[in-house]
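Structure assessment
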Amino acid sequence: MEQHASDLSNEFKRSSPSGNDEGSQSQPKQSTLPNGLRKSSRKHRDYIKISVPEPKNRLPLEWWKTGIAFVYALFNLVLTTVMITVVHERVPAKETSPPLPDKFFDYVGRVEWAFSISEINGMILVGLWCCQWLFLRYKSIAARRFFFIMGTLYLYRCMTMYVTTLPVPGMHMKCAPKKDEHYIQLRMLRSERYSAKTAEEKKEISQVKQLHGDSQAKLQRILKLISGGGLSITGSHILCGDFLYSGHTVMLTLTYLFIKEYSPSRFWWYHLLCWLLSAVGVVCILLGHEHYTVDVVIAYYITTRLFWWYHTMANIQTLRSSPQNYLTRSWWNPVFWFFEKNVQTRVPCSFSWPISWPPSCFKSSCKNYSMVQNARRQ
Amino acid sequence: MKKVVYWSSEEVSSWLAEEGMPEYSDSFQRLNGKDLLRLTEADFKKPPLSLVCSDNGQQLLNKIKTLNIEHHIEAHKNGHANGHLIKGKNGDSSSSKAKRNGMPNGFRNEMVQIHMPMPEKSHFPMEWGKTALAFIYALFCFVFTTVMISVVHERVPPKEETPPLPDKFFDIFDRVEWAFSICEINGMILVALWLIQWTLLKYKSIIGRRFFFIVGTLYLYRCITMYITTLPVPGVHFQCSPKLLGDWEAQMRRVIKMIAGGGLSITGSHTMCGDYLYSGHTVILTLTYLFIKEYSPRRFWWYHWICWFLSVVGIFCILLAHDHYTVDVVVAYYITTRLFWWYHTMANQQILKEATNTNFFSQVWWYSAFQYLEQNVSGTVPRNYQLPFPWRATPFSRNVKYTRLDT
């Protein structure tokens, strides 16, 4: 009876009832006494391990998911650029299809430098958001959300751009020539091959000859558009047809929403500044007659709704398990689950230095005092 | 049961055993009821009683006290008149003060009102007033839309100047002439089905309110998008009535004609052009399907499928008839579904009805209107059905009233 192995500690049976037991049991009873309580001088080799559940990290970083979101956003950006190139070919010429009647354009005449303001504002906002993002503690989660929402918005934009092509909003817009215009030019030039050319004409011929192939020309345009970020300032906004809905509005609105959401609420002056930048940028798009009003309105609506929808689902945990949650009927719900299923709580607005200081290679290694410290570090 | 005073020692010991204190039975062998009542704390401090239990007999004394009270209540079932005093004759250790109403501490003789919670307010109050408000809102939005169409009609560029915009669907599919009638017939069937279903619902007012609010808001959005930018006619087949520049009376007459016809081509009231972004027909087709599906039993899957089919065919026919651009239909579908889902999620979750800073749903402009309409509705509206009129009212039923229970 004395030599029980530790795994039999719960199956200890009483062989005979003792005389002092009042409630004498005739059948064997499971003993709940662990062997460790016995007064014995045996070695403590039968500790019972009580597993304490590890405190789960409620905001895991999971950089690989951010990587996937980044790839998704990149893919959608490239798809948009390709789509712009495709749509460009279908835009009706300014002469045949005059700009559509627009209420804003009726009231406010065109201001030439307005579009540059809008683009500068956009660049400032993107720069501010990038700086702010660097200082966030939960960078990966915020970045994942930004990439996903931006990617989805650009995907929607591809669809609306592609199905119906709006004419150019103003006669001032300079659209690059289309491929059939190229053909005409090229044929004209080839027919005059043997005639003498001035230096200018030769230059024109060589330029046109550079863009002689369809796919080659298109590819070049795509690369130029991507490298310039689609901005007029960088000279890459030469293609027309991407009017419904406005990508500039999307970026202005989305960066403002993200800046506001992931910064402390007491920085009201910062929020106000960004709001002003955003609003002025959007108004300047219209002032520059670069987009129809409906493009801007729809872009604003879709951006805000998507942002609010996503963040409400992400922040309110009870919503996720509720059966009456119609938000799960959107097509991107499985993707949302994939990204956000391990994020258990609202991302707190906490900041940290992007690089830990001092860097670990400078830390001195002489400070190991005892085994306890080692164990603790482990 | 005899009073404790008259108990014999056997009764005392059997009571002790009942109460689960057999350890006293040895010591109390010669005690009868009277002695039991005379026990005090002091007795428990001396042996032999102090050896029995370590709590100085508190438990036993409490039980004796309870016993006494029970008897007292038994004896005076009809309640005390004031003035009955206990003079401490029984040696009760409990009542040291004389009380006017004769009950030991803690007992009153007046009735104690136990506050029963009121029968709960209905979770789904009818509130027809709010439904009426929502109806007026929807009506206003319809009229506003019609006026807007009339205004926009004046600005549509003529077909000759501005050809139809390039559209991918139009490139692939040619125009089918009778398709738009199919779309409108489907729309009318769906609206009729929804109306019938609505009359059979139990919580008509709440659901009606939601329908009117959502439809009104969608048409309001439509007004905005129609007005700010005018798309040209999608096809040369359109017969737009001539522009009445500045002639208000004629415009009013046109507006009334359109409202009367419901804006449908079948009724001949769809003569005005310019209302392309976004498509109202798609809104109605989609919205009625969503409402039908939401407020009908899950097991009627065949019914849901039929309505879905009607809806999809209707939308497809809009495009086949070249009556709207594809982007009009896509945007209309998106806005309708999102608004419907948004509204119903907010209505079904209590946490979303409060404007906190995690609840971004409260940032929409119509949030205060939503709160007003839905604040008394707690929880999901159950899908209950009832006949709109009581069955007994019809002359066909022959009910005989039997008893008062029947009413």
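Per chain, the residues get numbers from 1 upward, laid out in the order the sequence is written. As a convention, the first chain written is A and the first ligand written is 1, with the rest following in written order. Since the coordinates come from a predicted model, pLDDT governs what is reported: local features require at least 70, and pairs of side-chain atoms require 80 or more to be given and counted, while whole-chain, interface and lining totals use all residues. In computing side-chain values, all of the structure's heavy atoms are included and hydrogens and water are not.

Chain B is annotated in an unreviewed UniProt entry as Phosphatidylcholine:ceramide cholinephosphotransferase 1 from Polyodon spathula. UniProt positions are given in the numbering used here, feature names are shortened, and annotations may be inferred rather than shown by experiment. The record in UniProt for chain B states the following under Subcellular location (unreviewed entry): "Golgi apparatus membrane". Heading Sequence similarities (unreviewed entry) of the UniProt record for chain B holds this comment: "Belongs to the sphingomyelin synthase family."

Chain A has the name SMS2 cholinephosphotransferase in an unreviewed UniProt entry, where Polyodon spathula is given as its organism. Recorded in UniProt under Subcellular location (unreviewed entry), the annotation for chain A is "Membrane". The UniProt entry for chain A carries this comment under Sequence similarities (unreviewed entry): "Belongs to the sphingomyelin synthase family."

On to helix 8 (residues 247-261) of chain A. At 3.6 residues per turn, the α-helix brings residues three or four places apart onto the same side. Counting from the N terminus, the helices are the DSSP runs of H or I reaching at least four residues and the strands are the DSSP runs of E reaching at least two. By this rule the span expected of a helix is its residue count minus one, scaled by 1.5 Å. Taking 1.5 Å of rise per residue, the 15 residues of helix 8 of chain A would be expected to cover 21 Å, and the 21 Å separating its terminal C-alpha atoms lies within 8% of that figure. Most of helix 8 of chain A is tucked away: 13 of the 15 residues are buried. A simple rule labels every residue: compare its accessible area, found with a 1.4 Å probe on the protein chains alone, to the largest value its type can have, and call it buried under 20%, exposed over 50%, or partly exposed in between.

Residue and element names in this part refer to chain A. According to UniProt, the positions carrying the feature "transmembrane region" (unreviewed entry) are residues 66-87, 113-134, 146-164, 267-287 and 294-311. Measuring from the first to the last C-alpha atom of residues 113-134 gives 32 Å, for a span that is 95% helix and 0% strand. Split by type, residues 267-287 is 95% helix and 0% strand. Its first and last C-alpha atoms lie 30 Å apart.

What follows deals with the UniProt feature "domain: Sphingomyelin synthase-like" (unreviewed entry) in chain A. When the UniProt feature table is mapped onto this chain numbering, "domain: Sphingomyelin synthase-like" (unreviewed entry) sits at residues 240-312 of chain A. As annotated, residues 240-312 of chain A comprises 75% helix and 0% strand, and the C-alpha atoms at either end are separated by 36 Å.

As a further point, take a nonpolar patch on the surface. A patch consists of residues whose relative accessible area exceeds 30% and which take part in no salt bridge; residues with like charges are grouped when within 9 Å of each other, and nonpolar side chains (Val, Leu, Ile, Met, Phe, Trp, Tyr) when within 5 Å. Only the protein chains shown count as cover for residues, with accessible areas throughout obtained via the Shrake-Rupley method and a probe of 1.4 Å. A pairing counts as a salt bridge when a side-chain nitrogen of Lys or Arg comes within 4 Å of a carboxyl oxygen of Asp or Glu. Judged by side-chain polarity, Phe135, Ile136, Leu139, Phe142, Val143, Val147, Val151 and Ile259 of chain B come together as a nonpolar surface patch covering roughly 620 Å² of accessible area. Taking relative accessible area as the criterion, Val151 of chain B reaches 33% and is therefore assigned partly exposed.

Ranked by internal contacts, the top residues of the largest apolar core, which has 155 residues, are Ile149 and Trp332 of chain A together with Phe291 and Trp366 of chain B. Of the residues forming this core, the biggest block, 14 residues, is contributed by helix 4 (residues 139-163) of chain A. The contacts of Phe291 of chain B, once residues within four sequence positions are left out, are Trp194, Gln197, Ile207, Arg210, Phe211, Ile214, Phe340 and His344 of chain B. Ranked by size, the runner-up nonpolar core spans 17 residues in total, among them Val4, Val12, Leu31 and Leu36 of chain B. Nonpolar core, defined: a set of buried Ala, Val, Leu, Ile, Met, Phe, Trp, Tyr and Cys residues in which side-chain atoms within 4.5 Å join the residues together. Whether two residues are in contact is decided by their heavy atoms: any pair within 4.5 Å suffices.

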